[in-house]
Amino acid sequence: MKKSVIFGAATLACMSAVAATAGTVDDVKARGKLNCGVASGLVGFATPDANGEWGGFDVAVCRAVAAAVLGDPKAVEFVPTTGKTRFTALASGEIDMLARNTTWTFSRDVDLKFTFVGVNYYDGQGFMVPKELGVSSAKELDGATVCIQTGTTTELNLADFFRTNGISYEPVPIETNAEAQQQYLAGACDVYTTDASGLAATRAAFENPDEHAVLPEIISKEPLGPLVRHGDNEWGDIVRWTLNALITAEELGVTSANVAELSAGTNNPEINRLLGSEGSLGEMLGLSADWAKSAIMAGGNYGEVFEKNIGENTPIGLARGLNAQYTDGGLIYSPPFR
Amino acid sequence: MTTLTDPPKESFRLSMLIYDTRYRSATIQVVALMGFMLLAAWLISNTLTNLETLGKPISLAFFTEPASYDINQRLLEYDSRDSHLRAAFIGLLNTLVVAVLGCITATILGVLIGVLRLSKNWLVARIMTVYVEMFRNVPVLLWIVLAMAVLIESLPSPRAFRGENPEATMSLFDTVAVTNRGVYIPEALFHNSLGNIHLFGQSSMRFDISLDLVAFLVVLIAGLFVSNKIKQRADKVQEETGERPTTWWQRLAVVFVPIVILLAILGFHLGYPELKGFNFSGGTHMRNSLIALWLALSLYTAAFIAEIVRGGILAISHGQTEAAGALGLRQGRIMSLVVLPQALRVIIPPMISNYLNLTKNSSLAIAVGYMDITGTLGGITMNQTGRELECVVLLMGVYLLISLSISFVMNWYNKRVALVER
C-alpha cells in the first residue's frame, strides 16, 4: 500500500515535470531571449565578429526566428555547439532550436526524436587537398590520412566511401573545424573532408586559398537545415514557417529594402497574407500579425541572406546552384502562404 | 525485610522510537535510509517516464548494429561494419593501453624527480621544484593539447621526406621515421610465425592472441625463473661458505640464449617503415595522439607522484640514514635498501589515488583525437545513436570497474609491503 503511494507521487511529480517543458514558445517569450545552437565558428555560417556579434548564414535563421517571436533580431543567446554536443544540447532543452549545418537524416528525424523544419542549404560531402599532392580524384586517396569532424554524418559517409571503393585510409578524428584547419595546414592530415560548403568556408579563411583544391567528387547528399525537438508542434511550426517566409519573400520579390513599403498593402494577396495586412496567419501561429515582416527585416529574404554571407561576392564564394529558387532551376521551394 | 522485586516490565510504545535513546539512533537511520531510497526511486522513475514520453525508452539494441565509423588506433582487428559493442571494446583497450603506459612512466619519472628534489645539489633540487610546481598547477587538458600542438607543428610531415633532396630524413640508420603524424618504428616479423589463437569466435569480444608473443613470454619467464634459482643457490653458498660464486654470466645465459634460439627458429626479422603513397607504411605506427596523451598524462601525474615520494622519504627518520651510513653503506644503497623500502608504506596509499586519477584523466583523450572508450562509446556511438543515457551509464560503469580493479590490486600490494605488527 505504502509503496504504491510513493510510486504514485513519483509518477505525478514527473508527469508535471514533463508538462512544464511543453510550450517552447511560451518559454522563449517569458525569457525574452531565444537560445539558438550554432556552429562553434565556421566562417560564413556562424562566427562571431571582432565585436563578439554573431553573424552568418545559419545565424540569420536564429535572428529571423527571434524577430518573428520577440520582434527583436538581437534577442538571441547563441550557444556554440560541436558536432558531438549539438544533439544533447537540443534534447536537454539547453537550446530552443539548432541552426548548425546539420544534415537531415532518417535516424535523426525518427530515432533521435528531432523535427527538421526544412532545408536552408542543399549540400554534399567533398574533399579538400593541398594542390602540391597532385591528386585529382578522391579515388586516388588510397592510404591517405583524412581529418574528419567526429560525430557527424560525414564520418559515416567517409567510412562507406572508402569501403565501397576498396581503398584504405587513416581517419584523424577532431572535434571542431578550427582544429581540423590547424592539423590540415600543418600537414598532419593529407585531406580534410566535410560538407562542400564547409570546405569552401574553411578554405576562404586560409592565408593562401589557391594552394588548396576541392576534389570533384561529392560523395553524399547533405540537406542542411534547422531543427527542433520532437513533440512541440507549435514551436516547430513557428521555426518552419519563419524559414518559409524568408524563402517566399525572395520568390515574391520582398526584400529588406522594400518590406516596410509593401507591408502597407499591395495588390498581390499572397504578399499581403505574408506581411500581415490581410488574413490572420500570424494569429494562427500565436504571433503578432507582422511576424514575417520582422523576420524579413532581420537580415533580408533568403536570397539576401545567401548573398551577404556565403554568396559569390563573399570570400566563400558559393554559387547558388541547387540552392536557387525553384523558379531558377534550384531546389529552394516553400509551400504557399495560404 | 525488604523484598527485591523486578522493575515493572515496560511495554513497548511507538513513541519510544523517538523518545527512548535506545531506539532513537536506529529510528533516524531507518528514516534516512527510506528517504534516500525514495529519492533514488523518484530519480530513476522520473528518468524512465521522461524517456518514455520522449519516445526513447531505455534499450541496448543499438549495440548489435554496425558502428559505421572507423577507428584509427586499434589493437585488434576492427572495421566499420563491426558492431557498436566491438567499437566500445576497441576503445576500452585503447584506454587501458594509455593508462598502463602512463602509470609506468609516471611512476619511474615521479620517483626519480621526488628523490632528486631532495638532492643536496642546489640546482638540481630547484629545477625539480620548478618542474613539480609547473605541472601541478596547470590543468592536464592544457598539457595534452600543448603536447599535441608541439608534435604537430614542430615535426616534419611525411611529405617532407619525399623527393630527391628531402627536407627531412629518417633517423637511426633509416629505421625510425619521426613525423607529425606519429613515430614509425620497425616492427617484429617472423618467417615461421606460429599464427594466432582466435578467442570467442566471431562475437564482438573476439580476441586474437599471437602465439609468437606467447612463446616469447613463456621462454622469457622460464629463463627468469631459472636465473632466480641460480641467485638463490648463490645466496645459499654465500651464507654457508662466505664466498659468493660468480654467476652473472650463467644468469644472463639462461635468460638470453633460449630467447635467441627461439627467435632464430621463428625466423625473426624487422619490418622497416618506408614511404609509400601518402604515408609511411610498414613498421609500427605510434600515433601522435597516443604519444601526446601518454606524455602529458605521465608528466602531469609524475609531478604528483614526486611529491608523494618526497613526503614518504621525509617521513623516514634521519636516524635511519645515519645508521645505514655508520654501517658503511653508500648514498645510493642507503636510498634503495633502507629509506625507500620504509617509505613505500607511506607512499603506496596516495599512489593508488594517483593511478586512478591518471586513468580517469585519460578520458580527455578526445581533445587530441585518441579513440579511447570515451571517444567511441561515449563519443561517436552516443552521438550517432542518440542513446545518451545508456552510453553514459555504461561508460560510468566501465570506469568504475577499472578504478575498483586498480584499487584492489594496489591495496593487495599495500598489504604486502605494510609493516607487520606483532
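Residues numbered from 1 in each chain as written. Chains lettered and ligands numbered in written order. Predicted model: local features only at pLDDT ≥ 70, side-chain atom pairs only at ≥ 80, totals over all residues. Heavy atoms only, no water.

Draft legend 1. View of a nonpolar patch on the surface. Residue and element names in this part refer to chain B. Nonpolar side chains collect at one region of the surface, where Leu 39, Trp 42, Leu 43, Ile 44, Leu 48, Ile 58, Leu 389 and Val 393 lie side by side and expose about 710 Å² of accessible area between them. Elements supplying a minimum of two residues to the nonpolar patch: α2 (21–54) and α13 (388–417). It is α2 that contributes the most residues to the nonpolar patch, 5 residues altogether. With respect to the element layout, Ile 44 can be found in helix α2. (Patch = residues over 30% accessible without salt bridge, like charges linked within 9 Å, V, L, I, M, F, W, Y side chains within 5 Å. Areas by Shrake-Rupley, 256 points an atom, 1.4 Å probe, with all protein chains shown as cover. Salt bridge = Lys/Arg side-chain N within 4 Å of Asp/Glu carboxyl O. Helix = DSSP H or I, 4+ residues; strand = E, 2+ residues; numbered from the N terminus.)

Draft legend 2. How the structure looks around the pattern of salt bridges. Summed over the entire model, instances satisfying the criterion amount to 19 salt bridges over all chains. Its salt-bridge partner being Arg 287 of chain B, residue Glu 170 of chain A comes within 2.5 Å of it at the nearest N-O pair. Of this pair, Glu 170 of chain A sits in strand β10 (residues 169–174) while Arg 287 of chain B sits in strand β9 (residues 284–287), on two different chains. In this structure Glu 170 of chain A comes out as buried when scored by relative accessible area, which is 16%. Here Arg 287 of chain B falls in the buried class, since its relative accessible area comes to 12%. (Buried < 20%, exposed > 50% of the residue type's maximum accessible area, 1.4 Å probe, protein only.)

Draft legend 3. Just empty space enclosed by the protein, in detail. All names here are of chain A. All told, the structure shown has 4 cavities of 30 Å³ or more when counted by the stated rule. As a volume, the largest cavity reaches approximately 240 Å³. Arg 100, Asn 101, Gln 149, Thr 194 and Asp 195 are, among the 18 residues lining the largest cavity, the residues nearest its centre. The set of elements that each furnish at least two residues to the lining of the largest cavity consists of α6 (153–164) and β11 (191–195). (1 Å grid on protein atoms, 1.4 Å probe; cavity = no way out; pocket = protein on both sides within 12 Å on 5 of 7 lines; lining within 4 Å. Points joined across faces, edges and corners; volume = space filled by probe spheres on them.)

Draft legend 4. A look at the packing of helix α3 (residues 84–117) of chain B against α13 of chain B. All names here are of chain B. Axis separation between α3 and α13 bottoms out at 12 Å; the angle between their running directions is 35°. In this structure, α3 crosses over α13, and the sense of that crossing is right-handed. For the pair formed by α3 and α13, the contact residues are Leu 92, Thr 95 and Leu 96 on the first element and Val 398, Tyr 399 and Ile 402 on the second. The residue inventory of the contact of α3 with α13, partitioned by class, reads 5 nonpolar, 1 polar and no charged. (Axes fitted to C-alpha atoms, helices over the stretch in contact; angles between N-to-C directions. Left-handed = near helix turned anticlockwise from the far one by under 90°. Contact = heavy atoms within 4.5 Å. Nonpolar A, V, L, I, M, F, W, Y, C, P; charged D, E, K, R; others polar.)

Draft legend 5. Here's a closer look at the state of the cysteines. All names here are of chain A. Using the criterion set out here, one finds 2 disulfides over all chains in the structure. Disulfide pairing is shown between Cys 36 and Cys 62; the S-S distance is 2.0 Å. Sign of the S-S torsion, about -65° for the bond between Cys 36 and Cys 62, identifies this disulfide as left-handed. Placement of Cys 36 in strand β1 (residues 34–39) and of Cys 62 in helix α3 (residues 57–70) is noted, with a sequence separation of 26 residues between them. Accessibility classification places Cys 36 together with Cys 62 in one group, the buried group. Each sulfur of the disulfide joining Cys 147 and Cys 189 lies 2.1 Å from the other. Between Cys 147 and Cys 189 the sulfur-sulfur dihedral comes to about -95°; the bridge is accordingly left-handed. (Disulfide = S-S within 2.5 Å.)

Draft legend 6. Just the nonpolar core, in detail. In this structure, Leu 34, Met 97 and Trp 235 of chain A are the most contacted members of the largest nonpolar core, which totals 59 residues. Considering each element in turn, this core owes the most residues, 10 residues, to α3 of chain A. Excluding residues within four positions of it along the chain, Met 97 of chain A makes contact with Leu 34, Asn 35, Cys 36, Gly 37, Val 61, Val 65, Leu 90, Pro 226, Leu 227, Val 228, Trp 235 and Val 239 of chain A. Val 98, Ile 313, Val 338 and Ile 352 of chain B belong to the second-largest nonpolar core, a separate cluster that totals 52 residues. (Core = buried A, V, L, I, M, F, W, Y, C linked by side-chain atoms within 4.5 Å.)

Everything listed here is a matter of coordinates, which is why it stays silent on function.
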